[in-house]
Amino acid sequence: MLALGKLLDLTLAGREPAEKTQLTVEGVRMRWLGEGALEVRPPEARDNGMDLLLSAGIHGNETAPIELLDELLHGIARAEIKPRARILFLFGNPEAIRKGERYIEQDVNRLFNGRHELSSGSEALRAGQLEQFAKTFFSVPGRTRLHYDLHTAIRGSKIEQFALYPFKEGRQHSRRELARLRAAGMEAVLLQSKASITFTAFTYEQLDAEAFTLELGKARPFGQNEQVNLDRLETRLKQIIEGNEPQEPDALDGLQLFSVAREIIKHSDSFRLHLPADIENFSELSKGYLLAEDLAESRWIVEEEGARIIFPNPKVKNGLRAGILIVPANPEQLG
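Residues numbered from 1 in each chain as written. Predicted model: local features only at pLDDT ≥ 70, side-chain atom pairs only at ≥ 80, totals over all residues. Heavy atoms only, no water.

**Student:** So, the overall build of the protein chain: which residues are in play, and what are the values?
**Tutor:** Within the protein chain, the secondary structure is distributed over seven helices and 16 strands. Computed over the C-alpha atoms, the radius of gyration of the protein chain is 20 Å, within 12% of the 20 Å expected from 2.2 N^0.38 for a compact globule of 335 residues. Projecting the C-alpha coordinates of the protein chain onto the three principal axes gives extents of approximately 65 × 45 × 40 Å. Considering only contacts within the protein chain whose residues lie at least 6 apart along the sequence, 73% involve residues at least 24 apart. Summing over all exposed atoms, the protein chain offers an accessible surface of approximately 14,900 Å²; the carbon and sulfur share of this is 45%. With 43 positive and 50 negative side-chain charges, the protein chain shows a separation of 2 Å between the mean positions of the two kinds. (Helix = DSSP H or I, 4+ residues; strand = E, 2+ residues; numbered from the N terminus. Rg over C-alpha atoms; globule rule 2.2 N^0.38 Å. Contact = heavy atoms within 4.5 Å. Areas by Shrake-Rupley, 256 points an atom, 1.4 Å probe, with all protein chains shown as cover. Lys, Arg positive; Asp, Glu negative; His and termini not counted. Charge placed at Lys NZ, Arg CZ, Asp CG, Glu CD.)

Structural data, given as structure tokens:
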């Protein structure tokens, strides 16, 4: 197998490859761009106009998605997978991946859309570098742009595999892309309704890609992901890469759609989240429930029908969200 197909090994070892560019026996060019970054380019005659960005390891302990991208790269390097799309593989936070930690000093996925410029340290620099990799990759006009940022969650979930779809003023969420997510094994999608500071928010808002954060189960160490079943996602990614996706109607049967009702923002060290420490994502909350309290007697009380909580985390830094209150969404609003 070509050495560049072992991008994960290079990243874990903190090494640069001796050869920065290699060709597979199928004429696919693999080019090392920097730590944890590899561009795959099919022969011009096979290029179908798709630019696909696949990222994982923005949080270093989310190993199942990292292993999936590693498998896809191995398949390309061995010429078992024959790309028709240009692909950019990114391992987001190499230092945290090597240490098996979620992050070293700060959450990289809260440092995009200009936030890294207001911060300092290696992870702020990495967020800026990831933006530049994506900006350069998506700079060719007239091509289809798709970004999947693969994650696993720090807690259990009532709905194990789900996606977050970013928001941009004046742009509709795509029914076709939601159908593609359903085919890839996603059980639910959160349709966001405000600008954000995540990696996919940057590529969606600034680079006009269709972009999705995929949550794929619970975070576990390398080699312990047998319970994280990514077969449907892996199959669909191979089909996108090889340009042979089945032609299917844009059916959303069985896909649950949610929208954001409110974000719970932690303003001070006095913040209290009134939820069990082990509560799962998508847990339902009854109307009238006192969800959280903070300074100046500010209180979050559940007022919405069918409300659920995702990403509850009272340990975030002041000024960041400590949870999202969501409600069922109306699919008739899709584009």
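**Student:** Give a description of the layout of surface pockets that names residues and reports values.
**Tutor:** Empty space within the largest pocket amounts to approximately 760 Å³. In this structure, the largest pocket is lined by 34 residues; those nearest its centre are Arg102, Asp107, Arg110, Val316 and Leu320. With three residues, strand β6 (residues 144–153) is the largest single contributor of residues to the lining of the largest pocket. Taken together, the residues of the lining of the largest pocket sort by class into 10 nonpolar, 14 polar and 10 charged. Here the second largest pocket defines a volume of roughly 410 Å³. Around the second largest pocket sit 23 residues that line it, and Arg176, Arg180, Glu245, Pro246 and Gln247 are the ones nearest its centre. Where the lining of the second largest pocket is concerned, the elements lending two or more residues are β6, α5 (175–183) and α7 (231–242). When residues in the lining of the second largest pocket are grouped by element, the largest group, five residues, is from α5. Taken together, the residues of the lining of the second largest pocket break down into seven nonpolar, six polar and 10 charged. (1 Å grid on protein atoms, 1.4 Å probe; cavity = no way out; pocket = protein on both sides within 12 Å on 5 of 7 lines; lining within 4 Å. Points joined across faces, edges and corners; volume = space filled by probe spheres on them. Nonpolar A, V, L, I, M, F, W, Y, C, P; charged D, E, K, R; others polar.)

**Student:** So what's going on with the side chain of glutamine 161? Residues and values would help.
**Tutor:** Looking at the secondary structure, you find glutamine 161 in strand β7 (residues 161–165). Of note is the side chain of glutamine 161, whose polar atom sits 2.8 Å from the backbone oxygen of asparagine 229. (Polar contact = N/O pair within 3.5 Å; in protein donor to acceptor, adjacent residues only side chain to side chain.)

**Student:** Just give me the short version of α7, but keep the residues and values in it.
**Tutor:** With 12 residues, α7 extends 16 Å between its outermost C-alpha atoms, agreeing within 8% with the 16 Å of an ideal straight helix rising 1.5 Å per residue. Listed in full, the buried residues belonging to α7 are Leu233, Arg236, Leu237, Gln239, Ile240 and Ile241. Considering only its buried residues, α7 is in contact with β4 (50–56), α2 (63–77), β5 (86–91), β6, α5 and β9 (210–218). Positive backbone phi, approximately 70 degrees, marks glycine 243, located one or two places after α7. (Expected span 1.5 Å × (residues − 1). Buried < 20%, exposed > 50% of the residue type's maximum accessible area, 1.4 Å probe, protein only.)

**Student:** Can you lay out the sheet that holds strand β13 (residues 290–293) for me, pointing to particular residues and giving the numbers?
**Tutor:** A sheet is described by the order of its strands in space; here three strands give the open sequence β11-β13-β14, paired in antiparallel fashion. The sheet terminates laterally at β11 (272–273) and β14 (299–301), the two strands that pair on one side only. The pairing of β11 with β13 spans two bridges and is classified as antiparallel. Counted as the bridge partner of leucine 273 is alanine 292 from β13. (Pairing = 2+ DSSP bridges.)

**Student:** Now, about the packing of α2 against α7: what can you tell me, with residues and values included?
**Tutor:** Relative orientation of the contacting elements α2 and α7 amounts to 40 degrees, with a least axis distance of 11 Å. Put simply, α2 runs oblique to α7. Considering how the two elements wind past one another, α2 and α7 form a crossing that is right-handed. Along its contact with α2, which presents Leu68, Glu71 and Leu72, the element α7 presents Leu233, Glu234, Leu237, Lys238 and Ile241. For the contact of α2 with α7, the per-class residue count stands at five nonpolar, no polar and three charged. (Axes fitted to C-alpha atoms, helices over the stretch in contact; angles between N-to-C directions. Parallel < 35°, antiparallel > 145°, perpendicular 65-115°, else oblique. Left-handed = near helix turned anticlockwise from the far one by under 90°.)

**Student:** Give a description of the pairing of β6 that names residues and reports values.
**Tutor:** The buried fraction of β6 amounts to nine of the 10 residues, a majority that puts the element mostly inside the structure. In the sheet, β4 pairs with β6 via seven bridges, with the strands oriented parallel. Paired with leucine 54 across the bridge in β6 is tyrosine 148. Relative to β9, β6 is paired through seven bridges, and the arrangement is parallel. Directly across from histidine 147, in β9, lies its bridge partner alanine 211.

**Student:** Describe the nonpolar core, and please don't skip the residues or the numbers.
**Tutor:** Core analysis: the largest hydrophobic core is formed by 54 residues, its most contacted members being Leu54, Phe89, Tyr148, Leu178 and Leu214. Looking at this core, the element that brings in the most residues is α2, giving eight residues. Ignoring anything within four residues of it in the chain, the contact list for leucine 214 reads Tyr148, Asp149, Leu150, His151, Phe162, Ala163, Leu181, Met186 and Leu233. Membership of the second largest hydrophobic core comes to 18 residues, among which are Ile58, Phe137, Phe199 and Leu207. (Core = buried A, V, L, I, M, F, W, Y, C linked by side-chain atoms within 4.5 Å.)

**Student:** Could you give an account of the packing of α5 against α7, naming the residues involved and the relevant values?
**Tutor:** At a closest axis distance of 8 Å, the pairing of α5 and α7 adopts a crossing angle of 130 degrees. Put simply, α5 runs oblique to α7. Across the interface between the two elements, Arg180, Arg182 and Ala183 from α5 touch Arg232, Arg236 and Ile240 from α7. The residue inventory of the contact of α5 with α7, partitioned by class, reads two nonpolar, no polar and four charged.

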